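Below, each chain spelled out in residue letters.
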Amino acid sequence: MGYKLISTWKMSFHKMSEAKRMLKIKYSLQEIIEAVIMDVEDNPDFHSVGYGGLPNNEGEVELDAGYMDGDSLAFGAVSAVKNIRNPILVASSLTKGKTNNHLTGKGAEKYAKENGFKTRRMLTGKAKEKYLDKVKENSHDTVCVIGKDLNGSMAVGVSTSGLFMKHPGRVGDSPIIGSGFYCDSQIGGVAATGIGEDIMRGCLSISTVNYMRQGLNAQQACEKALFTYLERVNNEPEAISLIALDAKGNYGACSTLADFPFVILDENNEARLMVYLGNEKRIVEADQKWLANYKGD
Ligand code: ASP
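None of these values were measured; they are calculated from a predicted model.

Q: Whenever I open this one, the overall build of the chain confuses me. Can you help?
A: Along its length, the chain carries nine helices and 13 strands. The 297 residues of the chain split such that 58% are buried. For the chain, the computed accessible surface area is about 12800 Å², with 48% contributed by carbon and sulfur atoms. When the 35 positive and 37 negative side-chain charges of the chain are each reduced to one mean point, those points stand 2 Å apart.

Q: Would you mind showing me how to read the packing of helix H7 (residues 204–213) against helix H8 (residues 218–232) here?
A: Geometry of a packed helix pair, given as the angle between the helix axes and the separation of the axes. It is at 8 Å that the axes of H7 and H8 come closest, and there the two elements cross at 130°. Judged on the interaxial angle alone, H8 and H7 are oblique. The way H7 lies across H8 gives a crossing that is right-handed. Listed contacts from H8 to Leu 204, Ser 207, Thr 208, Tyr 211 and Met 212 of H7 are Ala 218, Ala 221, Cys 222, Lys 224, Ala 225, Leu 226, Thr 228 and Tyr 229.

Q: Explain the site of the ligand here, please?
A: What surrounds the ligand is the set His 140, Asp 141, Thr 142, Gly 162, Arg 170, Gly 172, Asp 173, Ser 174, Thr 193, Gly 194, Ile 195 and Gly 196. Asp 173 places a polar side-chain atom, nitrogen or oxygen, 2.6 Å from a nitrogen atom of the ligand. Measuring from an oxygen atom of the ligand, one finds a side-chain N or O atom of Thr 193 at 2.7 Å. Taken by itself the ligand offers 270 Å² of open surface, and the protein chains cover 100% of this. Residue composition of the shell around the ligand, by class: one nonpolar, eight polar and three charged.

Q: Please explain the sheet that holds strand S10 (residues 251–255) as it appears in this structure.
A: Note: strands within a sheet are paired through backbone hydrogen bonds, in either parallel or antiparallel orientation. As summarised here, the arrangement of the four strands in space is S7-S8-S9-S10, forming an open sheet in which the pairing is antiparallel. Both edges of this open sheet fall to strand S7 (181–184) and S10, since each of them pairs with a single strand only. The average angle at which neighbouring strand axes cross in this sheet is 10°, direction not considered. Relative to S10, strand S9 (residues 240–246) runs antiparallel, the two sharing five bridges. When the sheet's bridge partners are listed, Ala 244 is paired in S10 with Gly 252. Contacts from H7 reach S7, strand S8 (188–194) and S9, with the element oriented near 145° to S8.

Q: What is the right way to read the packing of helix H1 (residues 13–24) against helix H2 (residues 29–41) from this model?
A: Orientation of H1 relative to H2, taken along the N-to-C sense of each, is 155°, at an axis distance of 9 Å. Compared by their axis directions, H1 and H2 come out roughly antiparallel. Of the two elements, H1 crosses H2, and the hand of that crossing is right-handed. Contact residues: His 14, Lys 15, Met 16, Ala 19, Met 22 and Leu 23 in H1; Glu 31, Ile 32, Ala 35, Val 36 and Asp 39 in H2.

Conventions used here
Residues numbered from 1 in each chain as written. Predicted model: local features only at pLDDT ≥ 70, side-chain atom pairs only at ≥ 80, totals over all residues. Heavy atoms only, no water. Helix = DSSP H or I, 4+ residues; strand = E, 2+ residues; numbered from the N terminus. Buried < 20%, exposed > 50% of the residue type's maximum accessible area, 1.4 Å probe, protein only. Areas by Shrake-Rupley, 256 points an atom, 1.4 Å probe, with all protein chains shown as cover. Lys, Arg positive; Asp, Glu negative; His and termini not counted. Charge placed at Lys NZ, Arg CZ, Asp CG, Glu CD. Axes fitted to C-alpha atoms, helices over the stretch in contact; angles between N-to-C directions. Parallel < 35°, antiparallel > 145°, perpendicular 65-115°, else oblique. Left-handed = near helix turned anticlockwise from the far one by under 90°. Contact = heavy atoms within 4.5 Å. Near = heavy atom within 4 Å. Polar contact = N/O pair within 3.5 Å; in protein donor to acceptor, adjacent residues only side chain to side chain. Nonpolar A, V, L, I, M, F, W, Y, C, P; charged D, E, K, R; others polar. Pairing = 2+ DSSP bridges.

This is the structure:
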């Protein structure tokens, strides 16, 4: 059984389509996951992740990221960090410690600077303009990547600027292990995107992994975790999406949205942009018509 990757949103497609070439030149799974996420973090046109991300209600960009190694179950995360160029790299480096795995705010920034991670002023002119206009646009997403390598090792990484106009210090699900991400190479990996508070109330990543542990495949587990939770909270949450990859290599995705795009890649195929259609509860490959109508990142 070969290599597999799955990632959230169309914004991850660009680097996912290069990941196959990276596989051939033998990058590690961690390097590939980091490369896909950094490509989105560094792109100012995506307003929900990294450079160009939309700010909090004081006009400052605060970033969250997490990483988990499915072999050792080691995890690392940073939350509410300012002016760190690639939060995913700081998060993944924190997997090495037995303690201090999740650092937040000033402490996380101090660690990043002491350890030579690049800094950058993350607020772009365009993001500042949107802030000054107070356009209350629905701009929040998380780039999430789950992978499995040829040895069956699995890992997951996530990165986001969280909700536009959030309160300073607000931390969403993304850097919270079990909510925004979870990965166990023996079972599978899961990551979430959407309104963090709604995802955290259901601890949806570990919940989905636990359904896989009971024998459901990645798709069945995403559906079971999301729909059971939605029923419990009276279908209130408007924006929750999940992706999963099980240890057998099956992909899964599920969402409350009418259209949730995600990308899949394996060693026999080029990267493919897929869409979970929330109203029809099924997955299709994105075609030209869908691409022409899609307005999101
Ligand atoms: N889950 C992120 C947060 O709440 C945002 C998103 O993925 O849409 O911070």
